[in-house]
Amino acid sequence: MSIPKTQTAVVFEKHNGPLLVKKDHPVVQQKDLKPGEALVRVVYSGVCHTDLHALKGDWPASPKLPLVGGHEGAGHIVAIADNTSTTLKVGDAVGIKWLADSCLDCEVCREGQEATCAQARTSGYSDDGSFQQYAVSFVRHLTPIPDGLDLAQAAPILCAGVTVWKAIKQSNTKPGDYILIAGAGGGLGHLAVQYAAAMSLRVIAVDTGADKKALTAQYGAETFIDFKEPGDFIEKVKAATGGLGPHAAIMASSGGAAYGQALEYLRPHGTLVAVGLPPDTFINANVFWTVFKALRIVGSYVGNRQDAIEALDFAARGKVKAEIQMDKLENLADVYKRMENYQISGRIVLEC
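Reading guide: rules and limits
- Residues numbered from 1 in each chain as written.
- Predicted model: local features only at pLDDT ≥ 70, side-chain atom pairs only at ≥ 80, totals over all residues.
- Heavy atoms only, no water.
- Helix = DSSP H or I, 4+ residues; strand = E, 2+ residues; numbered from the N terminus.
- Rg over C-alpha atoms; globule rule 2.2 N^0.38 Å.
- Buried < 20%, exposed > 50% of the residue type's maximum accessible area, 1.4 Å probe, protein only.
- Contact = heavy atoms within 4.5 Å.
- Areas by Shrake-Rupley, 256 points an atom, 1.4 Å probe, with all protein chains shown as cover.
- Lys, Arg positive; Asp, Glu negative; His and termini not counted.
- Charge placed at Lys NZ, Arg CZ, Asp CG, Glu CD.
- Core = buried A, V, L, I, M, F, W, Y, C linked by side-chain atoms within 4.5 Å.
- 1 Å grid on protein atoms, 1.4 Å probe; cavity = no way out; pocket = protein on both sides within 12 Å on 5 of 7 lines; lining within 4 Å.
- Points joined across faces, edges and corners; volume = space filled by probe spheres on them.
- Nonpolar A, V, L, I, M, F, W, Y, C, P; charged D, E, K, R; others polar.
- Patch = residues over 30% accessible without salt bridge, like charges linked within 9 Å, V, L, I, M, F, W, Y side chains within 5 Å.
- Salt bridge = Lys/Arg side-chain N within 4 Å of Asp/Glu carboxyl O.
- Pairing = 2+ DSSP bridges.
- Axes fitted to C-alpha atoms, helices over the stretch in contact; angles between N-to-C directions.
- Parallel < 35°, antiparallel > 145°, perpendicular 65-115°, else oblique.
- Left-handed = near helix turned anticlockwise from the far one by under 90°.

Caption draft 1: Seen up close, the overall build of the protein. Counting its secondary structure elements, the protein contains ten helices and 17 strands. Its C-alpha radius of gyration of 20 Å places the protein within 12% of the 20 Å reference for a compact globule of 352 residues. Within the protein, buried positions represent 55% of all 352 residues. For the protein, the share of sequence-separated contacts (at least 6 apart) that also reach a separation of at least 24 residues comes to 69%. Carbon and sulfur atoms provide 51% of the accessible area of the protein, an area that totals close to 15,300 Å². Of the side chains in the protein, 34 bear a positive and 37 a negative charge, and the two mean positions are spaced by 1 Å.

Structure follows, in structure tokens:
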């Protein structure tokens, strides 16, 4: 398979600096791949709020600079390093996820929690990611994409999908339980609604605007609560859930306000699952009521390799479908502007 010497990539060299569309960015050749690495021709890449945080540098851990962002890459393997043991082969459809690599030998990796491995490497943060046409990644964390699943649909599942699927798995819920999704019309939230509905959970969607209400209803939400409308928000949540509150709340919003009242509306033994990562945001838990109501606070940080396979399987079976807006790789700067202004429903997918 012919591999070009140069490609188009979007690079930034400093935080809040300009996004540079480079048409002559070098492509790593097969002979230069290290054992365990593969070269992927990225066809589509989703865009995540994490990518915007990487550009801004507003997280406690800073990414490498210069950086090619992106961690929702769907494409095909075009080269595999010599002396690499893998069942993958050239031509396979694969996904590049946030977790690029981990040791697979430490305690947390052995327990299936490889995202928290001390040696974890991340696409579009510690390593160059999928906002380029040819990306190097690690075969043991590339995810096979099921036959028949459109690559543009697969791309958002590789981060947004697997993240919310894992969060639901950690929500301590069962079919018939109420689950509240904060940010339900966003890139994470609209997928969370679908995964929850597919598991026969009763979804309370929280967001704002008629478009978000229509979107979440389409995907199986039982009730929509607009957080900007007047009235007592906590009482609205309780009224929609039989008076006791939801069994769990998934914080899929990129805004910090969603965390503010979550512990007040959960029913006894309810679970707050923290997913969205707004900067400088704290969960204020009243110790007495947290204990008295036996509440659980869980941080859910992406998913493992099996979670990714399960998340893609829902999509392949038609149970989950990302609401996507297509754009060009060269237009990433404009996408970020729309994202900052909350002008995006669903997920942006870039043609690379």
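Picking up where we left off.
Caption draft 2: The nonpolar core, seen in detail. By size, the foremost hydrophobic cluster in this structure holds 45 residues, and its most contacted members are Ile157, Ile179, Ile181, Leu191 and Tyr195. When residues of this core are traced back to their parent elements, those giving at least two are α3 (151-169), β10 (178-182), α4 (189-198), β11 (202-207), β13 (248-251) and α9 (305-316). Tallying contributions element by element places α3 first for this core, with twelve residues. Dropping the residues within four chain positions of it, Tyr195 is found in contact with Ile157, Gly161, Val164, Trp165, Ile168, Ala311, Phe314 and Val320.

Caption draft 3: Structural view of the layout of surface pockets. Its boundaries defined by the atoms lining it, the largest pocket holds a volume of some 1,100 Å³. What lines the largest pocket is a set of 47 residues, among which Gly183, Ala252, Ser253, Ser254 and Gly255 lie closest to the centre. Breaking the lining of the largest pocket down by element, the ones donating at least two residues are α1 (49-56), α3, β10, β11 and β17 (347-351). The element that contributes the greatest number of residues to the lining of the largest pocket is α1, accounting for three residues. In this structure, the second largest pocket spans a volume of roughly 410 Å³. In this structure, the second largest pocket is lined by 18 residues; those nearest its centre are Trp59, Pro60, Gly276, Leu277 and Pro278. Partitioned by chemical class, the residues of the lining of the second largest pocket number twelve nonpolar, four polar and two charged.

Caption draft 4: View of unusual backbone geometry. Note the cis peptide between Leu65 and Pro66, where omega equals -10°. Within the secondary structure, Pro66 is located in the loop between α1 and β4 (73-80). Of note in the backbone geometry, Asn172 takes a positive phi value of approximately 60° without being a glycine. Structurally, Asn172 is set in the loop between α3 and β10.

Caption draft 5: Local environment of a nonpolar patch on the surface. Together, Phe288, Trp289 and Phe292 give the surface a local cluster of nonpolar side chains, amounting to about 390 Å² of exposed area. In this fold, Phe288 is placed in helix α8 (residues 287-292).

Caption draft 6: Summary view of the sheet that holds strand β15 (residues 296-299). Spatially, six strands are ordered β12-β11-β10-β13-β14-β15 in an open sheet, and the strand pairing comes out parallel. In this open sheet, the two edge strands, each paired with only one partner strand, are β12 (223-226) and β15. Averaged over all pairs of adjacent strands, the angle between strand axes in this sheet comes to 20°, irrespective of strand direction. As judged from the four bridges shared by strand β14 (residues 271-274) and β15, these two strands associate in the parallel manner. Bridge pairing in β15 links Thr271 to Arg296. The strands that α4 touches are β10 and β11; relative to β10, the one it contacts most, it runs at about 170°.

Caption draft 7: Region of the structure containing the packing of α3 against α9. Axis separation between α3 and α9 bottoms out at 8 Å; the angle between their running directions is 110°. Taken together, the axes of α3 and α9 lie roughly perpendicular to each other. Every pair of crossing elements has a handedness; the one defined by α3 and α9 is right-handed. Where α3 abuts α9, its residues Ala154, Ile157, Leu158, Gly161, Val162, Trp165, Lys166 and Lys169 lie against Asp307, Ala308, Glu310, Ala311, Leu312, Phe314 and Ala315.

Caption draft 8: Molecular detail of α1. Counting buried residues along α1, six of its eight residues qualify, which places the element largely inside the surrounding structure. Within α1, burial applies to Thr50, Asp51, Leu52, His53, Ala54 and Leu55. Positive phi appears at Gly57, one or two residues downstream of α1, with a value of about 65°.

Caption draft 9: Representation of the pattern of salt bridges. Applying the stated criterion across every chain, the model contains 20 salt bridges. A salt bridge links Glu330 to Lys23, with the nearest nitrogen and oxygen atoms 3.1 Å apart. Of this pair, Glu330 sits in the loop between β16 (324-328) and α10 (332-340) while Lys23 sits in strand β2 (residues 20-26), placing them 307 residues apart in sequence. Take Glu330: its relative accessible area is 34%, and that puts it in the partly exposed class. Between Glu310 and Lys169 there is a salt bridge, and its shortest N-O distance comes to 2.9 Å. Here Glu310, found in helix α9, pairs with Lys169, found in helix α3; they are 141 residues apart in sequence, far enough to count as distant. For Glu310, a relative accessible area of 23% translates into the label partly exposed. One network of salt bridges, with partners in common, ties together Lys166, Lys169, Asp307 and Glu310.

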